[in-house]
Amino acid sequence: DVKVTQSSRYLVKRTGEKVFLECVQDMDHENMFWYRQDPGLGLRLIYFSYDVKMKEKGDIPEGYSVSREKKERFSLILESASTNQTSMYLCASSGTSIRETQYFGPGTRLLVL
Amino acid sequence: GENVEQHPSTLSVQEGDSAVIKCTYSDSASNYFPWYKQELGKGPQLIIDIRSNVGEKKDQRIAVTLNKTAKHFSLHITETQPEDSAVYFCAASGDSWGKLQFGAGTQVVVTP
């Protein structure tokens, strides 16, 4: 059974803190994605990675960075958290075909105070 | 880039009735259109998808139709059941990396 896990379900951080969100997949997928989900806005792509140490900006990369040191792990980093980064963060992975299914983790709900 | 609009934002139906969610897209190069279902506390899960060379696809009580000329596609759920209550997202992709552009989502509530 395919599985994408995220390190935390809920996180509360202070403004200015550095925040790490971790995602691990067990499907040997090449592609991994970080999305942000906000009511009325759907899922918006922050960054994606198509290989180890490779990354590409998505639609809303400002204020975020990513790291992919191993194929199975993709980390999202908020260098200095701000209140407007309070949101649900979803990680996904997929194979390399154009029409591959993306498999999502359960999400991390981040509150920045 | 691609822009996907989804309507309605909320949909309340009686159990046993049908539900229809509609999406439009802007990029004529898009050729893959998946639908995801997100239950409370979970990540989205693929329920059905359609490729651009197909006009309609059905899987039990769920069907998707695609009109490439008009650039719109729809999800149809027949004989709705309480377990169909969830948020549904449409998406479109023509990107070589498999990136998806999602609609804003539709909250479906099925009342007994």
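Residues numbered from 1 in each chain as written. Chains lettered and ligands numbered in written order. Predicted model: local features only at pLDDT ≥ 70, side-chain atom pairs only at ≥ 80, totals over all residues. Heavy atoms only, no water.

Draft legend 1. Focus on the state of the cysteines. Applying the stated rule across the entire model yields two disulfides over all chains. Residue pairing for Cys23(A): its cysteine sulfur links by disulfide to Cys91(A), the two sulfurs lying 1.9 Å apart. Judged by the sign of its S-S torsion, about -80°, the bond between Cys23(A) and Cys91(A) is left-handed. One end of the pair, Cys23(A), is in strand β3 (residues 19–25); the other, Cys91(A), is in strand β9 (residues 87–94), and 68 residues separate them in sequence. Judged by relative accessible area, Cys23(A) falls into the buried class, the value being 0%. Put simply, Cys23(B) and Cys90(B) are joined by a disulfide, and their sulfur atoms are 2.0 Å apart. What sets the handedness of the Cys23(B) and Cys90(B) disulfide is the S-S torsion sign, and at about -100° it is left-handed. Placement of the pair is Cys23(B) in strand β3 (residues 19–25) and Cys90(B) in strand β9 (residues 86–92), with a sequence separation of 67 residues. As far as the burial class goes, Cys23(B) and Cys90(B) line up, both buried. (Disulfide = S-S within 2.5 Å. Helix = DSSP H or I, 4+ residues; strand = E, 2+ residues; numbered from the N terminus. Buried < 20%, exposed > 50% of the residue type's maximum accessible area, 1.4 Å probe, protein only.)

Draft legend 2. Representation of the pattern of salt bridges within the structure. Tallied over the entire structure, the rule returns 12 salt bridges over all chains. Residue Lys37(B) is joined to Glu39(B) by a salt bridge in which the shortest nitrogen-to-oxygen separation is 3.4 Å. Using a relative accessible area of 16% as the deciding quantity, one classes Lys37(B) as buried. In this structure, the salt-bridge partner of Lys57(B) is Asp49(B), at a minimum N-O distance of 3.0 Å. A relative accessible area of 8% places Asp49(B) in the buried class. What emerges from the salt-bridge pattern is a single network uniting Asp28(A), Glu30(A) and Lys71(A). (Salt bridge = Lys/Arg side-chain N within 4 Å of Asp/Glu carboxyl O.)

Draft legend 3. Spatial organisation of the packing of aromatic side chains. Within the structure shown, the criterion is met by 13 aromatic pairs over all chains. Residues Phe33(A) and Tyr35(A) carry aromatic rings whose centres are separated by 6.2 Å and whose planes lie at 25° to one another, so their mutual orientation is stacked. Relative accessible area serves as the criterion here: at 0%, Phe33(A) is assigned to the buried category. Residue class for Tyr35(A) comes out buried when judged on its relative accessible area of 0%. Each ring, one from Tyr35(A) and one from Phe102(B), has its centre 5.4 Å from the other, and the planes form 90°; the classification is edge-to-face. Taken together, the residues span two chains, with Tyr35(A) in strand β4 (residues 31–38) and Phe102(B) in strand β10 (residues 101–102). (Phe/Tyr/Trp six-rings, centres within 6.5 Å; stacked < 30°, edge-to-face > 60°.)

Draft legend 4. The arrangement of the side chain of Glu2(B) in detail. Residue and element names in this part refer to chain B. Note on placement: Glu2 falls in the segment before β1 (4–7). Lys71 provides the closest opposite charge to the buried, unpaired Glu2, separated from it by 7.5 Å. Here Ser26 takes part through its backbone nitrogen, which lies 2.7 Å from a polar atom of the side chain of Glu2. A polar contact of 2.4 Å, which involves the side chain of Glu2, links it to the side chain of Ser30. Ignoring sequence-local partners within four residues, the contact set of Glu2 consists of Tyr25, Ser26, Asp27, Ser30, Ala92 and Gln101. (Lys, Arg positive; Asp, Glu negative; His and termini not counted. Polar contact = N/O pair within 3.5 Å; in protein donor to acceptor, adjacent residues only side chain to side chain. Contact = heavy atoms within 4.5 Å.)

Draft legend 5. Main features of the side chain of Asp38(A). Residues and elements named next belong to chain A. Among the structural elements, Asp38 can be located in strand β4. Engagement of the side chain of Asp38 in a polar contact is seen with the side chain of Arg44, the distance being 2.8 Å. For Asp38, the residues in contact, after removing those within four places along its chain, are Arg44, Thr86 and Ser87.

Draft legend 6. Geometry of the sheet that holds strand β6 (residues 56–59) of chain B. Residues and elements named next belong to chain B. Sheet architecture is open: five strands sit in the order β1-β3-β8-β7-β6, paired in antiparallel fashion. Unpaired on one side and paired on the other, β1 and β6 mark the two borders of the sheet. Strand-to-strand twist across the sheet, computed as the mean angle between neighbouring axes with direction ignored, equals 15°. Across six bridges, β3 lies against strand β8 (residues 72–77) in antiparallel orientation. Counted as the bridge partner of Ala19 is Ile77 from β8. (Pairing = 2+ DSSP bridges. Axes fitted to C-alpha atoms, helices over the stretch in contact; angles between N-to-C directions.)

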